[in-house]
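Chain residues, written in single-letter form:
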Amino acid sequence: MKIKGIHHIGIAVADLEESLARWVALFGAVPSSIEEIPEGGVRVVHLRFSEGSMIELLSPLGKGSPVAQFLEKRGEGVQHFTLEVDDIEAAFRELTEAGVQFISEKPQLGAGGARVAFIHPKSLNGVLVEIRQGRKPQPPDLQPS
Ligand code: ZN
């Protein structure tokens, strides 16, 4: 299976609005609007930089969600990174056949309407890796929240 590249790096934060304001002020990144993903128990915002790479800030939506657990155990920090693939169904199948363990039983809906699946850190050097098949990037929404 071939990956297209790193799509974004996900950083768990306690206060999404405050963190977003800091990243925008410090680095001049263009934020998307804040999105709530109840399936993942997470609120996310993407910061796009001029070369097209992205940082994703995540904060918990509800107690007991994966991001809430991460913050409790480890505090704020890099939580996952994301590899872009052409065909997530094929990638999921191929990786599963290679013995890779996923957190969900099949790809799910993620931020921005992308389809995503998370590889268990046990299967990949202790790192939580998201694979994603996205739609083409949308023009960024210039108004944060
Ligand atoms: Zn992500």
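This text goes with the structure placed above it.
Overview of the structure. (Residues numbered from 1 in each chain as written. Predicted model: local features only at pLDDT ≥ 70, side-chain atom pairs only at ≥ 80, totals over all residues. Heavy atoms only, no water.)

Here's the deal with the packing of aromatic side chains
Taken as a whole, this structure holds two aromatic pairs when the rule is applied. Pairing W23 with F27 gives two aromatic rings, centres 5.4 Å apart and planes at 55 degrees, and the pair type is tilted. Of this pair, W23 and F27 both sit in helix 1 (residues 16-27), four residues apart, roughly one helical turn. (Phe/Tyr/Trp six-rings, centres within 6.5 Å; stacked < 30°, edge-to-face > 60°. Helix = DSSP H or I, 4+ residues; strand = E, 2+ residues; numbered from the N terminus.)

What about the coordination of the zinc ion?
Coordination of the zinc ion by the protein comes from H8 (NE2), E56 (OE), H80 (NE2) and E130 (OE), over a distance range of 2.0 to 2.3 Å. Coordination at the zinc ion comes from four donor atoms whose angles at the metal span 90 to 170 degrees, giving a geometry best classed as irregular. Along the chain, the residues donating to the zinc ion fall in the pattern H-x47-E-x23-H-x49-E. Of this pair, H8 sits in strand 1 (residues 5-12) while H80 sits in strand 6 (residues 77-84), and the two are 72 residues apart along the sequence. In this pair, the class of H8 matches that of H80, namely buried. (Donors = N, O, S within 2.8 Å, 3.2 Å for Na, K, Ca; no water. Tetrahedral: all angles 85-135°; square planar, octahedral: opposite > 155°, others 65-115°. Buried < 20%, exposed > 50% of the residue type's maximum accessible area, 1.4 Å probe, protein only.)

A short note on the nonpolar core
Listed in full, the 12 residues of the largest apolar core are L83, V85, I88, A91, F92, L95, V100, F102, A117, I119, V129 and I131. Breaking this core down by element, the ones donating at least two residues are helix 3 (88-97), strand 8 (115-119) and strand 9 (129-133). When neighbours within four sequence positions are excluded, F92 is seen to be in contact with F102, S104, E105, K106, P107, A117 and I131. (Core = buried A, V, L, I, M, F, W, Y, C linked by side-chain atoms within 4.5 Å. Contact = heavy atoms within 4.5 Å.)

Digging into a nonpolar patch on the surface
A surface patch of nonpolar side chains, amounting to about 280 Å² of accessible area, comprises I6, I9 and V78. In this structure I9 comes out as partly exposed when scored by relative accessible area, which is 34%. (Patch = residues over 30% accessible without salt bridge, like charges linked within 9 Å, V, L, I, M, F, W, Y side chains within 5 Å. Areas by Shrake-Rupley, 256 points an atom, 1.4 Å probe, with all protein chains shown as cover. Salt bridge = Lys/Arg side-chain N within 4 Å of Asp/Glu carboxyl O.)

Comments concerning the pairing of strand 8
Relative to strand 8, strand 7 (residues 108-109) runs antiparallel, the two sharing two bridges. Its bridge partner lying in strand 8, L109 is registered against R115. Turn length for the strand 7-strand 8 hairpin, with the two strands adjacent in sequence and antiparallel, is five residues, and the turn residue G112 shows positive phi of about 65 degrees. (Pairing = 2+ DSSP bridges.)

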